[in-house]
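Observations on chain architecture
This is what each chain is made of:
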Amino acid sequence: MWLPCAAVGSSLPEHGQPAEEVLARLEALRGGDVRWRDGRALTLAYTAGPEVQAVAEEAYRRYMTENALNTDAFPSLRRMQQDVVDIVAEWLHGGPDAAGFMTTGGTESILLAVKAARERGRAERGVARPNVVLPVSAHAAFEKAAHYFGLESRRIPVRADWRADVGAMGAAIDDSTVLVVASAPQYPQGVIDPVAEVAALAAEHGISCHVDACMGGVTLPYLARLGQDVPPFDFAVEGVTSMSVDLHKFGYTAKGASVIVHRTRALRRYQVFVTERWLGGTYGSSGLLGTKSGGAIAAAWAVLHHLGDDGYLRLARNARAATEALAAGILAQPELVLRAPPEAMLLAFGAADPAALDVFAVADALWRRGWYVDRQGPPPSLHCTVNAVHEHRIPELLIDLRAALDEVLTAGARGDRGAYGTIE
């Protein structure tokens, strides 16, 4: 006899509720969330202001139910995806044969880059026990990919300046290596790896090189145009075979929008999964998901066309100015040190004397004042991602940072390290 499960937490209401009531409850639920639209989050959420946000939201609404699993039924999604990939490839100096797909985020883009490298190693060199060589600063998603897809992850310590140690990476490569990784910039300290040198290792060994530009793929091309010294990091570098760029970060599009671009269509084919081993006909998928809402694709297409080249140049200028202002303000606090001068819009800082100051307690004090920053380590650090919304917010943040420092120093408080992500 079938018996209903015992209720755990919330259960489905017996009777439907009015839309106004449900939406009011929904709004009340986020009462304790960080106010990212007001620039109080230095992580997780990005916005270029109400007008751009409205364009993204309306485009997403119009296409939220369209299904990108099969664009034969929705050719508009095929066209929009191709337009978005072409724009990103142009930013990255992709040649006429460059090809890619949109994904749901940087993690999926990275997983697919690792999957493609594994498949290439199998097909071209018969590699049975593949490994990936990457600096310890490379994103945690590479660990997820290695775990999911059965690769050995060979993490190499970084140099004193937090950049990839190319010599040590080269020493770790063997006949089973299928991929080397560089970041532009890497997330933890915000510096750009020596991409040209890492890619040269890949070219020498005939293996793949992925550049994780999820954080810099939009901004670095514009910073270079604004006169900043940006080292070569994209397909202009020989040996780079794939790149990932998140549009829901500094592209200011709706969440669920990243792009993976391969140097050639031939390399892209290793990303795709196709099977006929079921009774439903040929099944093909470019990514990890099957069904995928068209909302993020449409929002990305709409925002890219709404902002245009001049809009992204302006936003890059404003976000960089805010980053420099924050870095200067942190350097002015004798109790704090920058982990590295920021090369894009990311920076990390810690305690000049860790025995005297717990920076995680500083994060707690900032959160009580409405500011949310990431906690990371080693070494114990606070991490800030500065975007366009912070253009006029840095002076207020620095005032509250000083107050938080004074509070923690007076109380001798200790903080919780927290986590980058959710595990419960």
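Above this text sits the structure in question.
Figured I'd write up the structure that's included with this text. (Residues numbered from 1 in each chain as written. Predicted model: local features only at pLDDT ≥ 70, side-chain atom pairs only at ≥ 80, totals over all residues. Heavy atoms only, no water.)

Side note on the nonpolar core
Stated precisely, the cut-off is as follows: Working definition of a nonpolar core: buried Ala, Val, Leu, Ile, Met, Phe, Trp, Tyr and Cys residues. They are joined through side-chain atoms within 4.5 Å. When accessible area is computed with a 1.4 Å probe and restricted to protein chains, residues below 20% of their type maximum are described as buried, those above 50% as exposed, and intermediate ones as partly exposed. Numbering of helices and strands runs from the N terminus, with a helix taken as a DSSP run of H or I at least four residues long and a strand as a DSSP run of E at least two residues long. A contact between two residues is defined here by any heavy atoms of the two lying within 4.5 Å.
In terms of nonpolar packing, the biggest core is built from 73 residues, with Val 180, Val 240, Leu 247, Tyr 252 and Tyr 312 touching the most fellow members. With 14 residues, helix α10 (residues 295-331) is the largest single contributor of residues to this core. If near-sequence neighbours (up to four positions away) are discounted, Tyr 312 is found in contact with Trp 91, Val 218, Tyr 222, Phe 250, Gly 251, Tyr 252, Val 303, Leu 304 and Leu 307. Counting residues in each nonpolar core, the second largest holds 30 residues, with Val 373, Cys 384, Leu 397 and Leu 405 among its members.

Focus: the sheet that holds strand β1 (residues 99-103)
The cut-off we apply is this: The criterion for strand pairing is that DSSP finds at least two bridges linking the strands in question. The angle between two axes is taken between their N-to-C directions and runs from 0 to 180 degrees, where each axis is a line fitted to C-alpha atoms and a helix contributes only its stretch in contact.
Spatial strand order, β1-β7-β6-β5-β4-β2-β3: 7 strands in an open sheet with mixed pairing. The open sheet terminates on both sides in strands that have one partner only, identified here as β1 and β3 (152-156). Sheet twist, expressed as the mean angle between neighbouring strand axes with direction ignored, is 20 degrees. By the bridge criterion, 3 bridges tie strand β5 (residues 208-212) to strand β6 (residues 242-246) in an arrangement that is parallel.

A short note on the state of the cysteines
One way to say it: the disulfide is the covalent bond shared by the sulfur atoms of two cysteines. Going by this rule: Any pair of cysteine sulfurs within 2.5 Å is marked as a disulfide.
Enumeration according to the criterion identifies 0 disulfides in this entry. With no disulfide partner, Cys 209 has as its closest neighbouring cysteine sulfur the one in Cys 214, 14 Å distant. Taking the relative accessible area as the measure of exposure, Cys 209 reaches 0% and is therefore buried.

Some points on the environment of Gly 100
Here Gly 100 is to be found in strand β1. Here the alpha-carbon distance between Gly 100 and Leu 29, two residues 71 residues apart in the chain, equals 38 Å. If we ignore the near neighbours within four places in the chain, the residues touching Gly 100 are Val 85, Ile 260, Val 261 and Arg 268.

What to know about unusual backbone geometry
The bulk of non-glycine residues show a negative phi, and the bulk of peptide bonds are trans. Following Ala 184, the chain continues into Pro 185 via a peptide bond in cis, with omega recorded as -10 degrees. Mapped onto the secondary structure, Pro 185 falls in the loop between β4 (177-183) and α7 (195-205). Residue Gly 377 is joined to Pro 378 through a cis peptide bond whose omega torsion reads 0 degrees. Position of Pro 378 among the secondary structure elements: in the loop between β12 (374-376) and β13 (381-385). Even without being a glycine, His 93 presents a positive backbone phi close to 60 degrees. Looking at the secondary structure, you find His 93 in the loop between α3 (75-91) and β1. When its relative accessible area of 52% is taken as the criterion, His 93 is described as exposed.

Description of the pattern of salt bridges
Going by this rule: Note on definitions: salt bridges are taken to be side-chain nitrogens of Lys or Arg within 4 Å of carboxyl oxygens of Asp or Glu.
In total, this model carries 25 salt bridges according to the counting rule given. Note that Arg 118 is salt-bridged to Glu 119, the shortest N-O span being 2.7 Å. For the pair Arg 118 and Glu 119, a shared accessibility class is recorded, and that class is buried. For Asp 174, the salt bridge identified is with Arg 154, shortest N-O distance 2.9 Å. With Asp 174 in the loop between α6 (166-172) and β4 and Arg 154 in strand β3, this pair connects stretches of sequence that are 20 residues apart. A relative accessible area of 32% places Asp 174 in the partly exposed class.

Considerations on the sheet that holds β12
On the basis of which strands lie adjacent, the open sheet formed by 4 strands has the order β10-β11-β13-β12 and antiparallel pairing. Strands with a single pairing partner mark the edges of an open sheet, and in this sheet they are β10 (336-338) and β12. Geometrically, the sheet is characterised by an average inter-axis angle of 35 degrees between neighbouring strands, direction not taken into account. Relative to β13, β12 runs antiparallel, the two being bridged by 3 bridges. Considered in β13, the bridge of Asp 374 is made with His 383. Docked against the sheet, helix α11 (residues 359-368) engages β11 (346-351), β12 and β13, running at close to 45 degrees with respect to β13.

A look at the packing of aromatic side chains
Operational definition: Stacked, tilted and edge-to-face pairs are distinguished by plane angle, under 30 degrees for stacked and over 60 for edge-to-face with tilted covering the rest, among Phe, Tyr and Trp rings (Trp via its six-membered ring) whose centres lie within 6.5 Å.
Scanning the entire structure with this criterion turns up 6 aromatic pairs. On the basis of an interplanar angle of 70 degrees and a centroid distance of 5.4 Å, the ring pair of Tyr 46 and Phe 250 is categorised as edge-to-face. Residue Tyr 46 is located in the loop between α1 (19-29) and α2 (50-63), and its partner Phe 250 is located in the loop between β6 and β7 (258-262); the two are separated by 204 residues in the primary sequence. Residue Tyr 46 shares its accessibility class with Phe 250, and that shared class is buried. Centroid distance Trp 91 to Tyr 222: 6.0 Å. Interplanar angle 75 degrees. Geometry classified as edge-to-face. Placement of the pair is Trp 91 in helix α3 and Tyr 222 in helix α8 (residues 219-225), with a sequence separation of 131 residues.

Note that every value here comes from positions in space, so none of it alone points to a role or purpose.
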